[in-house]
Amino acid sequence: MNKTTKITVSIVGGSGYAGGELLRILSQHPRVSIKSVTSRQHQGKKVTLLHPNLRGFLDHLRFCSIDQLTKSDLLFLALPNLKAMNNLDQYLNLGQKIIDLSADFRLKDPDQYVKWYQIKHPRPQYLKKFICGLAEIHGPQIKKAQYVSCAGCEATCSILSFYPLLKEKIINDREIYIDAKIGSSAAGNQPALATHHPERSGSFRSYQPTGHRHTAEFLQQTQARNLYLSATAVEMVRGILITGQARLKNTDINERDLRKIYRNYYGNQPFIRIIKERQGLYRYPEPKIVAGTNFCDIGFAIQANSRRLVVIATIDNLVKGTAGQAVQAMNLMFNFPQTTALEFQGLHPI
Ligand SMILES: NC(=O)c1ccc[n+]([C@@H]2O[C@H](COP(=O)([O-])OP(=O)(O)OC[C@H]3O[C@@H](n4cnc5c(N)ncnc54)[C@H](OP(=O)(O)O)[C@@H]3O)[C@@H](O)[C@H]2O)c1
């Protein structure tokens, strides 16, 4: 492919929050031509009606039905969980390559779908064909992949921050505790009582103290033996902050060693930043600093004279947690520079 040729892409589920974020990022991509975008409820309407931030950028584009989709080089699936898996054949015919944002192809063992989603997976033979979209861990495989499945948002933040520690075997992998605080956009744009403004506004709601489905992704990706994950909905639109706790195996490990481990794993990764400052207001990762960006900011602290390690990490759930992760994977799949269209640094103050 010559260096100016554009690839064609289409999106199934373009009226949702993840689809909207895909459109925002792709509209800035010099090597992408957006062909078609679906919405069953808004078919025929301009995409800028649902995504007003894209006025002046995608004014020509209208939502179409799935039957009107044209075959593209790449098809993004941005549907609610457990939908794409039932219409996979149709989608396979519409994209030479596919990136799925849902949970439908994340877990490699079909029994895990019975355990965590209470369903029998209809296409188990495809589970291993979908490569996990975390470029920092699966970059070489993504480059060669035909199908990619993006990790869940809490899973992305948790996996990226704990992966080096578990690979280096410096923490007890049976005792990892993660508390994830998450903004309202993670629930998608369909109205529901739990996300209705009078109920959600001002709340600090523990909605998944145990049994969070992203536990399965974390265990699969890190090979840890156990994870205690809890999730709390907080007063934010975008963003996830995780506070993870683990026990170091060895009291000799200090914060300089941890910094070195993270640097070894992520030193060349453009979207991972290690945040641990001695001074200032923002000494540890904070969601508003990464809002709109593809960064995963990771910080840590060891309690003095103990083996207690605290890991703090943050992402924008709609960017690194889904659409940005997907575009980063797309860049690798099509041999574009990995950071293309993802260079936004964020805002301050915000
Ligand atoms: N929101 C996040 O922060 C986030 C983070 C990580 C991963 N994800 C994943 O990304 C996916 C999309 O999430 P979202 O937050 O964007 O959800 P959303 O706001 O509810 O959007 C869902 C989209 O899918 C379409 N849709 C719904 N059911 C469909 C069906 N049966 N067939 C075809 N299209 C259908 C909807 O439009 P119509 O109903 O008009 O067709 C809409 O465009 C989910 O799988 C989610 O797990 C989301």
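Nothing here was measured: the structure is a model prediction, and the numbers come from that model. (Residues numbered from 1 in each chain as written. Predicted model: local features only at pLDDT ≥ 70, side-chain atom pairs only at ≥ 80, totals over all residues.)

**Q** Lay out the site of the ligand with the relevant residues and their values.
**A** Around the ligand there are 31 residues in total, and G13, G16, A18, S102 and G188 lie nearest to it. If you count residues domain by domain, the shell around the ligand takes at least three from each of domain 1 (7–128) and domain 2 (153–317). (Near = placed C-beta within 6 Å. Domains from an automatic or database assignment.)

**Q** Residues and numbers for the sheet that holds strand β14 (residues 308–315), please.
**A** By way of backbone hydrogen bonds, the strands of a sheet pair with one another, either parallel or antiparallel. Spatial strand order, β9-β10-β8-β11-β14-β13-β12: seven strands in an open sheet with mixed pairing. Every other strand in the sheet has two partners, leaving β9 (205–208) and β12 (272–274) as the edge strands with one partner each. With strand direction ignored, the average angle separating the axes of adjacent strands in the sheet is 25°. Looking at chain direction, strand β11 (residues 240–247) and β14 are connected through eight bridges and run antiparallel. Across the sheet, L241 pairs through a bridge with T314, a residue of β14. (Pairing = 2+ DSSP bridges. Helix = DSSP H or I, 4+ residues; strand = E, 2+ residues; numbered from the N terminus. Axes fitted to C-alpha atoms, helices over the stretch in contact; angles between N-to-C directions.)

**Q** Just give me the short version of the packing of helix α6 (residues 153–167) against helix α8 (residues 214–222), but keep the residues and values in it.
**A** Running from amino to carboxyl end, α6 crosses α8 at an angle of 30°, the nearest separation of the two axes being 9 Å. With respect to each other, α6 and α8 are oriented roughly parallel. Remark: the crossing between α6 and α8 carries right-handed chirality. Of α8, the residues touching α6 (which contributes E154, A155, S158, I159, F162, Y163 and L166) are H214, E217, F218, Q221 and T222. Of the residues assigned to the contact of α6 with α8, the class counts are six nonpolar, four polar and two charged. (Parallel < 35°, antiparallel > 145°, perpendicular 65-115°, else oblique. Left-handed = near helix turned anticlockwise from the far one by under 90°. Contact = placed C-beta atoms within 7 Å. Nonpolar A, V, L, I, M, F, W, Y, C, P; charged D, E, K, R; others polar.)

**Q** Give me the domain arrangement of the protein: which residues, what numbers.
**A** Here the domain parsing of the protein yields domain 1 (7–128) and domain 2 (153–317). Inter-centroid distance (C-alpha atoms) of domain 1 to domain 2 is 27 Å. Of the residues lining the interface, 10 residues belong to domain 1; the matching set on domain 2 comes to seven residues. Here the side of domain 1 that touches domain 2 gets three residues from one element, more than from any other, and that element is helix α4 (residues 110–117).

**Q** I'd like to hear about helix α1 (residues 17–26), residue by residue, with values.
**A** Taking burial as the measure, the 10 residues of α1 include 10 buried ones, the bulk of the element. Restricting attention to buried positions, one finds in α1 the residues Y17, A18, G19, G20, E21, L22, L23, R24, I25 and L26. (Buried ≥ 20, exposed ≤ 12 C-beta atoms within 10 Å, placed from the backbone.)

**Q** Report on the nonpolar core, specifying residues and quantitative values.
**A** Counting 95 residues, the largest nonpolar core has L22, F76, L77 and A326 as the members making the most contacts within it. Each of domain 1 (7–128) and domain 2 (153–317) contributes no fewer than three residues to this core. Sequence-distant contacts of F76, that is, excluding residues within four places in its chain, are made with V9, I11, L22, I99, L101 and A326. (Core = buried A, V, L, I, M, F, W, Y, C linked by C-beta atoms within 7 Å.)

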